[in-house]
Amino acid sequence: SDDIEMHSEDLYISADQVRVKYVFFNRASRDVTVHVAFPMPDMIGSEDPVAVQTEDPTNILAFCTVVNGRPVAAQVEQKVFAQGVEHTQLLRALGVPFAPHLQSTQNVLDRLPPSRWAEFEKLQLAEITEWDEGKGTQKHLVPRWTLKTTWFWEQTFAANAETFVEHGYKPATGESVGT
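Described in the following lines is the structure provided in the data block.

Analysis parameters
- Residues numbered from 1 in each chain as written.
- Predicted model: local features only at pLDDT ≥ 70, side-chain atom pairs only at ≥ 80, totals over all residues.
- Heavy atoms only, no water.
- Salt bridge = Lys/Arg side-chain N within 4 Å of Asp/Glu carboxyl O.
- Helix = DSSP H or I, 4+ residues; strand = E, 2+ residues; numbered from the N terminus.
- Buried < 20%, exposed > 50% of the residue type's maximum accessible area, 1.4 Å probe, protein only.
- Contact = heavy atoms within 4.5 Å.
- Core = buried A, V, L, I, M, F, W, Y, C linked by side-chain atoms within 4.5 Å.
- 1 Å grid on protein atoms, 1.4 Å probe; cavity = no way out; pocket = protein on both sides within 12 Å on 5 of 7 lines; lining within 4 Å.
- Points joined across faces, edges and corners; volume = space filled by probe spheres on them.
- Phe/Tyr/Trp six-rings, centres within 6.5 Å; stacked < 30°, edge-to-face > 60°.
- Arc of directions from axis to C-beta.
- Pairing = 2+ DSSP bridges.

### Observations concerning the pattern of salt bridges
Taken as a whole and assessed by the stated rule, the structure comprises five salt bridges. Glu5 serves as the salt-bridge partner of Arg27, at 3.2 Å between the closest nitrogen and oxygen. One end of the pair, Arg27, is in the loop between strand E2 (18-26) and strand E3 (32-39); the other, Glu5, is in strand E1 (residues 4-13), and 22 residues separate them in sequence. Two residues, Glu127 and Arg144, come together in a salt bridge whose shortest N-O distance is 2.9 Å. One end of the pair, Glu127, is in strand E9 (residues 126-132); the other, Arg144, is in the loop between strand E10 (137-143) and strand E11 (146-157), and 17 residues separate them in sequence. Of the residues examined, Glu127 reaches a relative accessible area of 34% and is grouped as partly exposed. Arg144 gets classed as partly exposed once you look at its relative accessible area, which sits at 28%.

### Section: the side chain of Thr163
With respect to the helices, strands and loops of the structure, Thr163 is situated in strand E12 (residues 161-169). Judged by relative accessible area, which is 1%, Thr163 ranks as buried. Discounting chain neighbours no more than four positions away, the residues touching Thr163 are Tyr22, Val23, Phe24, Val67, Asn68, Phe157 and Ala158.

### Quick word on unusual backbone geometry
Despite not being glycine, Ala62 has its phi angle at roughly 55 degrees, a positive value. In this structure, Gln124 is a non-glycine residue whose phi angle is positive, near 60 degrees. Considering the arrangement of structural elements, one finds Gln124 in the loop between helix H3 (114-122) and E9. Note on Gln124: relative accessible area 41%, which makes it partly exposed.

### Considerations on the nonpolar core
The tendency in soluble globular proteins is for nonpolar side chains to be buried side by side. Leu91, Phe120, Leu125 and Trp145 are the most contacted members of the largest nonpolar core, which has 38 residues in total. For Leu91, the residues in contact, after removing those within four places along its chain, are Val80, Val96, Pro97, Phe98, Phe120, Leu125 and Trp145.

### A closer look at the layout of surface pockets
One water molecule sets the probe size; rolling that probe over the atoms shows where empty space is left. Counted as a void, the second largest pocket has a volume near 180 Å³. Lining the second largest pocket, in full, are Ser1, Ile4, Tyr22, Phe24, Val34, Val36, Ala37, Phe38, Trp153, Phe157, Val165 and His167. Contributing elements (two or more residues each) for the lining of the second largest pocket: E2, E3, E11 and E12. Counting residues per element, the lining of the second largest pocket draws most heavily on E3, at four residues.

### Description of the packing of aromatic side chains
What the rule picks out here adds up to five aromatic pairs. For the ring pair Phe38 and Phe63, a centre distance of 5.4 Å and an interplane angle of 20 degrees mean the geometry is stacked. Of this pair, Phe38 sits in strand E3 while Phe63 is found in the loop between strand E4 (43-44) and strand E5 (64-67), placing the two residues 25 residues apart along the sequence. Phe38 gets classed as buried once you look at its relative accessible area, which sits at 13%. On the numbers, 5.6 Å between centres and 15 degrees between planes, the contact of Phe63 with Trp151 is stacked. Highlighted residues: Phe63 in the loop between E4 and E5 and Trp151 in strand E11, separated in sequence by 88 residues.

### Regarding helix H2 (residues 103-111)
Along an α-helix, residues three or four positions apart point the same way, because every turn accommodates 3.6 residues. Within the span of H2, buried status applies to Thr105, Gln106, Val108 and Leu109. Projection of H2 onto a plane perpendicular to its axis shows the buried side chains occupying an angular sector of 165 degrees, all on one side. Across from the buried face of H2, at angles greater than 90 degrees, the exposed residues are Gln103 and Arg111. Elements in contact with the buried residues of H2: helix H1 (88-94), H3, E9 and E10.

### Quick notes on the sheet that holds E12
Spatially, E1-E2-E12-E5-E6 is the arrangement adopted by the five strands of the open sheet, whose pairing is antiparallel. Either end of the sheet is taken by a strand with one partner, and the two such strands are E1 and strand E6 (70-71). Of the pairings in the sheet, the one linking E5 to E12 comprises four bridges and is antiparallel in character. Residue Cys64 lies in a different strand from E12, and its bridge partner there is Gly168.

Take a look at the structure:
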């Protein structure tokens, strides 16, 4: 909205937490209600899952937001992509969790029939790999898709007033074999 301007943005980043504090001002003489959306960092299936700090399949990075000191009940939209093509409905229809890093996702992928394995590999949604977990070498269908998550809600900005919006989440910090 042209009536709402950002007066300030205070960003804090650490290995444990990302916090952003905004101060918005509604210049209009009337309340203005708009949709607010906050896109999260992409979750990519080829990245090592150890760096993700939560097991929640939807709120993967423990996102929360507060407006004027009160928690917001935000909604979430998640979409699955591989090579720039959306495959959300395919995963949903097969009951595959969207979060590529979860063991529950791996378990569902491993139970898919071989024809689906070939389809997932052709679509570049997953890759067939082999490893030994103490039971001999076994094949697994490993996710390679990108999960895009956006939190959103409807927000009313009071007329001629400041609104304080705060977001926070736990970052997926990454790792290296050498560290």
